[in-house]
Amino acid sequence: MESTDSSSGAPTTTTTKDPITLLSTILRLTEERIIPLTRAGVSSGSKLFGAAILSRSSLRPLTVSTNNERESPLLHGEINCIQQYFTLPPASSSPEEEKEGQYRIPTKDTIFFATHEPCSLCLSGITWAGFNEFYYLFTYEDSRDLFAIPYDIEILEEVFRVKAPGDTETSLKERPLYNRRNKFFTGRSLVELLEEAMLPEEEREKWRGEIDRVKGLYNGLSETYQEGKRGGVESASVWK
């Protein structure tokens, strides 16, 4: 469970599950649900970014989605997921109505997961939709170095990173690209979630291996996407 002191301005979250339960749920959801959707998406020209919205209390998936830039450059995995979620009718207070694809609950009662650290567009979508806690599997650096998709970093640097008086090029580059803990949300990687768990080192190492295993499942998806890009597969995206 996480609380927030008044000085940080970050939202208070009330996750009822321990870090390992949350971690294992997200990894299983990624492997069993998000990756199959992504495999179909990259074959048609969309990027390999996916997302899911889970009930905070039960960790049931409420919406699972993937990138659909074949139709629109704005339909990143996270935005597509949010759009689909808000087409659902609101649920009553009955837990039985926390069913995927049927009802939506208030975003403050959910946890948002993005397979890749959200870009500036998706950070805004997550914020405006009221999600106050999100996790991601791959970092910006992973997207750039493993998948040859550098634009998450480049857009944040070129559009949002403003040089302050006294800044040098070095100090500017050392500044974080965004505030991962703020009055609207707290964002963490799955590695950071694992580090929060009170585990013996042997058990912690086992879960590091599981995170790496699921990450490895994206290698083939990346190859498919890059092959399509080189072959001129149609997509609405400008930055591929």
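Under the annotation held in an unreviewed UniProt entry, the chain carries the name Cytidine deaminase-like protein and is attributed to Neurospora tetraspora.

The next thing to look at is the overall build of the chain. What the chain contains, in helices and strands, is nine helices and five strands. The N-to-C order of helical and strand elements in the chain reads α-β-β-α-β-α-β-α-α-α-β-α-α-α. Expressed as a percentage of its 240 residues, the buried residues of the chain come to 48%. For the chain, the proportion of contacts with a sequence separation of at least 24, taken over those separated by at least 6, is 63%.

Turning our eyes to something else, we now look at the packing of helix α4 (residues 140-147) against helix α5 (residues 151-160). At a minimum axis distance of 8 Å, the contact between α4 and α5 shows a crossing angle of 130°. If you check the angle between α4 and α5, you find them oblique. Residues Tyr140, Glu141, Ser143 and Arg144 of α4 lie in contact with α5, whose contacting residues are Asp152, Ile153 and Leu156. For the contact of α4 with α5, the residue count by class is three nonpolar, one polar and three charged.

Moving on: the nonpolar core. Core analysis: the biggest nonpolar cluster contains 32 residues, and Leu23, Leu137, Leu190 and Tyr218 have the highest contact counts within it. Secondary-structure elements contributing two or more residues to this core are α1 (19-43), β1 (50-55), β3 (110-116), β4 (133-138), α7 (190-196), α8 (201-216) and α9 (218-230). Of all the elements, α1 adds the most residues to this core, at nine residues. Setting aside chain neighbours within four positions, we find Tyr218 in contact with Thr30, Ile34, Ile35, Leu48, Thr115, His116, Leu137, Phe138 and Phe147. Counting residues in each nonpolar core, the second largest holds 22 residues, with Ile53, Ala129, Phe131 and Leu156 among its members.

Time to look at unusual backbone geometry. We note that Leu59 has phi near 65°; this positive angle belongs to a residue other than glycine. Residue position: Leu59 is located in the loop between β1 and β2 (61-66). The phi dihedral of Ala148 falls on the positive side, at around 55°, and the residue is not glycine. Classification of Ala148 by relative accessible area gives partly exposed; the value is 42%.

Moving on: the pairing of β3. Each regular strand shows side chains that alternate between the opposite faces of the sheet. Taken across its seven residues, β3 has seven buried, putting it largely inside the fold. Looking at chain direction, β1 and β3 are connected through five bridges and run antiparallel. Note on β3: the bridge partner recorded for Ser55 is Thr110. Sheet topology note: the β3/β4 ladder contains four bridges and is parallel. In the strand pairing of β4, Phe112 is matched with Phe134.

Right, let's talk about the pattern of salt bridges for a bit. Summed over all chains, the structure comprises 19 salt bridges. The salt bridge partner of Arg180 is Glu117, with a shortest N-O separation of 2.7 Å. Taken together, the residues span a long stretch of sequence, with Arg180 in the loop between α6 (169-174) and β5 (186-189) and Glu117 in the loop between β3 and α3 (120-129) at a distance of 63 residues. Note on Arg180: relative accessible area 27%, which makes it partly exposed. Under the relative-accessibility criterion, Glu117 is labelled buried at 2%.

Rules behind the numbers
Residues numbered from 1 in each chain as written. Predicted model: local features only at pLDDT ≥ 70, side-chain atom pairs only at ≥ 80, totals over all residues. Heavy atoms only, no water. Helix = DSSP H or I, 4+ residues; strand = E, 2+ residues; numbered from the N terminus. Buried < 20%, exposed > 50% of the residue type's maximum accessible area, 1.4 Å probe, protein only. Contact = heavy atoms within 4.5 Å. Axes fitted to C-alpha atoms, helices over the stretch in contact; angles between N-to-C directions. Parallel < 35°, antiparallel > 145°, perpendicular 65-115°, else oblique. Nonpolar A, V, L, I, M, F, W, Y, C, P; charged D, E, K, R; others polar. Core = buried A, V, L, I, M, F, W, Y, C linked by side-chain atoms within 4.5 Å. Pairing = 2+ DSSP bridges. Salt bridge = Lys/Arg side-chain N within 4 Å of Asp/Glu carboxyl O.

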